[in-house]
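Each chain is listed here by its residues.
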Amino acid sequence: MSKTLFDKIWDAHVVSTVENGPTQLYIDRHFCHEVTSPQAFNGLRARGLKVFRPELTTMTADHNTPTIDQDKPVKDPISRNQLDTFAKNAAEFNMPLYYPLGHDKNGVVHIIGPENGFTQPGMTIVCGDSHTSTHGAFGTIAFGIGTSEVEMVLATQCVLQTRPKTMRINYNGKLGAGVSAKDLALFTIAKLTTGGATGYFVEYAGEAIRNMTMEERMTVCNLSIEMGARGGMIAPDETTFNYVKGREFAPKGAEWDEKLAYWKTLKSDEGAKFDLELDFDAADIQPMITYGTNPGMGMGIQESIPTLDQIDEAGRISFQKSLDYMGFQPGEQLLGKSIDYVFLGSCTNGRIEDFRIFANYVKGKKKADNVVVWLVPGSWGVEKQIREEGLLDIFTDAGFLLRQPGCSACLAMNDDKVPAGKYAVSTSNRNFEGRQGPGARTILAGPLVAAAAAITGKITDPRV
Amino acid sequence: MEKFGTLTSTVVPLPIENVDTDQIIPARFLKATNKDGFGDNLFADWRYNKDGSPKADFILNNPVFGGSILVAGKNFGSGSSREHAAWAIDGYGFKVVVSSFFADIFKNNALNNGVLPVVVSAEFLAEIFDGANKDPKLTLTVDLENQTISNNANGKSESFEINAYKKECLLKGLDDIDYLLSKRELIEAYEASRK
């Protein structure tokens, strides 16, 4: 029988099925960070349990960490306590893959995973973080879990999951010049809405996806959760294999050959049935920005915010509340609007390619005086590459500073907070109220739109 | 985990759609290393002014409304996987959240903490909002055993879906870890089969 990519990986990881209930799914790789894990380790202690397979968990501190002076003690005592707790848990439970602040493998969990070869095709991957869907770019079943489930994985290397429905989204043709993976994702979320893929696992396919680098594919899969999907995935191909090969934790020698042969079978069979299949024309996608307070409230950069009569009656209160928060009017065009902050980074757009795109645009130009710009690499690996490729010199010449790795202003748990009422063009994943600081107003965009905003101080179409 | 049976309560209506987990519990409150105290910061940015004083126009600060059932607009709990959102709702004293649609991860997290997410039709939801608006003493009855929810103001009832396994867990106060720990041999056999 024809199987989807999702079916193949899911079926290979079923340990048992609860009668009339969920599936017990074996997890190949567990990523763990300081914010959603302490209560899970407490749970193990309370039950007198050890970690079942410590070598299958990779730990990095990223959410609640500063992006300057990482060599100095963390100022905020509550943040410091959380980081110390993370360290204590790693030591007490003998976790071999622990990357604290200052470690050369430290960085945003969804960046260091692929970068070090932990993420490999065909795996099941979980993390107490909704953007775990990022790893689906390698042809994995990767999804975010809650802390109770983190405890389950630590204790048994399994979770209980209801099998989701499957959706395939095909992007036919090529993306236009100046249109990025982020734009493709924001376009899709705007079409499906923020809950439109809830209950589904999405496979992204088609020419526009095939043409993408691994970094771009990770951006697309990363944002799957923003339309409610359990996760997103892309069938592995030569691009994938070339990326994984030679990385520290990737298979080597005969094991590589054996794995590679298996990985090549990981694609949806001809005639495989999806619960839902959608088609988009890649040429229809424009550089995108968001105007509201969820990632589904996005539009082409040249377009105008919908008017009230274009919104379903039941949704009008929420729509108006959202625009009031943003300080925008229904029907307004945002092109040329003055902004205050720009953030390049996060698990969505904190990879080397994002910095290349940004650098390519700002080269030989000067940062706008009215804008504060945070350039935050996703990992020390990315930071090193930025230096090696000479991008740091371009940033410095244009008046930008490079910060140290972490989640930073994506969720503003550290000091990288956008002040109340200020506008930030952000390459992160969420424009929720207060996400980048209480009262902060977030406009989500790709790295190229962010670069243009950093230079002009305004919302600017980078193609013009 | 506490056992869940039948609950009759007044409601707190929050007719906002797409309430994300950053609103339920903002990220700056996620620095704790235990599960206590999150209820005090439930909906913190909607509930308190900058100086910590309550915002009079937010529903949790309206003494007319109360009870252990939160009723919210569609797509409740979208966004971050933070279980702190479920801890905040539980910590505040809500045992049931009613909406016409829930985000997946939130739903799992709620169930893993003994908070029951009840999906109702858009019409049923609108009638609760209307009814509570007219009479804040409106009560709902949620019967897990029979999977029914009743609006006691207009006498209408609906049945709701819940996975049979999860229902059993809630009725008996068991959690998934208990179940998984009992499957250790199966897990080791699975690992051996892949070697």
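No experiment lies behind these values; they were computed from the predicted model shown. (Residues numbered from 1 in each chain as written. Chains lettered and ligands numbered in written order. Predicted model: local features only at pLDDT ≥ 70, side-chain atom pairs only at ≥ 80, totals over all residues. Heavy atoms only, no water.)

Peer 1: How should I be thinking about the side chain of A:Q39 in this particular structure?
Peer 2: Looking at where A:Q39 falls in the secondary structure, it is placed in helix α2 (residues 38-47). In this structure A:Q39 comes out as buried when scored by relative accessible area, which is 3%. Looking at A:Q39, its side chain comes within polar contact range of the main-chain oxygen of B:A32, at 3.4 Å. With sequence-adjacent residues up to four places away left out, A:Q39 is seen in contact with A:T147, A:E151, B:A32, B:T33, B:N34, B:K35, B:F38, B:H84 and B:W87. (Helix = DSSP H or I, 4+ residues; strand = E, 2+ residues; numbered from the N terminus. Buried < 20%, exposed > 50% of the residue type's maximum accessible area, 1.4 Å probe, protein only. Polar contact = N/O pair within 3.5 Å; in protein donor to acceptor, adjacent residues only side chain to side chain. Contact = heavy atoms within 4.5 Å.)

Peer 1: So what exactly am I meant to see when it comes to the packing of helix α3 (residues 84-92) of chain B against helix α4 (residues 104-111) of chain B here?
Peer 2: In a pair of packed helices, the angle between the axes and the distance between the axes together describe the arrangement. All names here are of chain B. At their nearest, the axes of α3 and α4 sit 8 Å apart, and the two run at 50° to each other. With respect to α4, the axis of α3 lies oblique. Classified by chirality, the crossing of α4 by α3 is right-handed. The segment α3 lies against α4, with A85, A86 and I89 engaging F106, N109 and A110. (Axes fitted to C-alpha atoms, helices over the stretch in contact; angles between N-to-C directions. Parallel < 35°, antiparallel > 145°, perpendicular 65-115°, else oblique. Left-handed = near helix turned anticlockwise from the far one by under 90°.)

Peer 1: How should I be thinking about the packing of aromatic side chains in this particular structure?
Peer 2: Two aromatic rings are characterised by how far apart their centres lie and by the angle between their planes. All names here are of chain A. For the coordinates displayed, the defined rule picks out 28 aromatic pairs over all chains. Judged by centre distance (5.4 Å) and plane angle (65°), the ring pair of F138 and Y243 falls under edge-to-face. With F138 in the loop between β6 (124-127) and β7 (141-144) and Y243 in helix α9 (residues 238-244), this pair connects stretches of sequence that are 105 residues apart. Of the two residues, F138 and Y243, both sit in the buried class. Aromatic pair F358 and F395: ring centres 6.0 Å apart, planes at 65°, arrangement edge-to-face. Here the residue F358 occupies a position in helix α13 (residues 352-362), and F395 occupies one in helix α15 (residues 391-397), the gap between them amounting to 37 residues. For the pair formed by F358 and F395, the shared burial category is buried. In textbook terms, an aromatic cluster arises when at least three aromatic residues are bridged by ring pairs, as seen for F31, Y99, F118 and F249. Note that R53 overlies the ring of F52, its terminal NZ or CZ placed 4.0 Å from the centroid. (Phe/Tyr/Trp six-rings, centres within 6.5 Å; stacked < 30°, edge-to-face > 60°. Lys NZ or Arg CZ within 6 Å of the ring centre and 35° of its normal.)

Peer 1: Looking at this structure, I do not really get helix α8 (residues 214-222) of chain A. What am I missing?
Peer 2: Each turn of an α-helix holds 3.6 residues, which means side chains three or four residues apart point in the same direction. In terms of burial, α8(A) is largely enclosed, as eight of its nine residues are buried. Taken together, the buried positions of α8(A) are A:M214, A:E215, A:R217, A:M218, A:T219, A:V220, A:C221 and A:N222.

Peer 1: Help me out: how do you make sense of the side chain of A:H33 in this one?
Peer 2: Residue and element names in this part refer to chain A. Along the polypeptide, H33 turns up in the loop between β3 (29-32) and α2. A polar side-chain atom of H33 sits 3.2 Å from the main-chain amide nitrogen of V35. Contacts of H33, omitting those with residues within four sequence positions, involve T60, D62, H63, F86, C127, G128 and D129.

Peer 1: Mind showing me how you'd approach the pairing of strand β3 (residues 96-99) of chain B here?
Peer 2: Regular strands place their side chains on alternate faces of the sheet. Residue and element names in this part refer to chain B. Burial along β3 is two-sided: the residues V96 and V98 and V97 and S99 are all buried. In this sheet, β3 lies alongside strand β2 (residues 69-72) in parallel orientation, the contact comprising three bridges. Bridge pairing in β3 places V71 opposite V98. In the classification by handedness, the crossover that spans β2, the intervening α3 and the parallel β3 is right-handed. Pairing of β3 with strand β4 (residues 116-119) involves four bridges; the strand directions are parallel. (Pairing = 2+ DSSP bridges. Right-handed = clockwise from strand over helix to strand, strands pointing away.)

Peer 1: Could you clarify how one ought to interpret the environment of B:G73 in this entry?
Peer 2: All names here are of chain B. Looking at the secondary structure, you find G73 in the loop between β2 and α3. Separated by 53 residues in sequence, G73 and A126 place their C-alpha atoms 8.9 Å apart. Ignoring sequence-local partners within four residues, the contact set of G73 consists of L14, P15, I16, E17, S99, L125 and F129.

Peer 1: Looking at this structure, I do not really get the interface of chain B and chain A. What am I missing?
Peer 2: Frequently, the measure chosen for interface size is the accessible area that the parts lose on association. On the chain A side, the residues contacting the 51 residues of chain B number 66 residues. For the chain B and chain A pair, buried surface summed over both sides reaches about 4800 Å², with 57% attributable to carbon and sulfur atoms. Scanning the region where chain B abuts chain A turns up six salt bridges. Measuring nitrogen to oxygen at the nearest pair gives 2.7 Å for the salt bridge that ties A:R47 to B:D175. On the surface where chain B and chain A come into contact, there are 27 residue pairs in polar contact (both at pLDDT 80 or more). Elements with a minimum of two residues in the side of chain B that touches chain A: α1 (21-24), α3, α4, α6 (164-172), α7 (176-181) and α8 (184-194) of chain B. Of the residues forming the side of chain B that touches chain A, the biggest block, seven residues, is contributed by α8(B). (Buried area = accessible area lost by both parts, 1.4 Å probe. Salt bridge = Lys/Arg side-chain N within 4 Å of Asp/Glu carboxyl O.)

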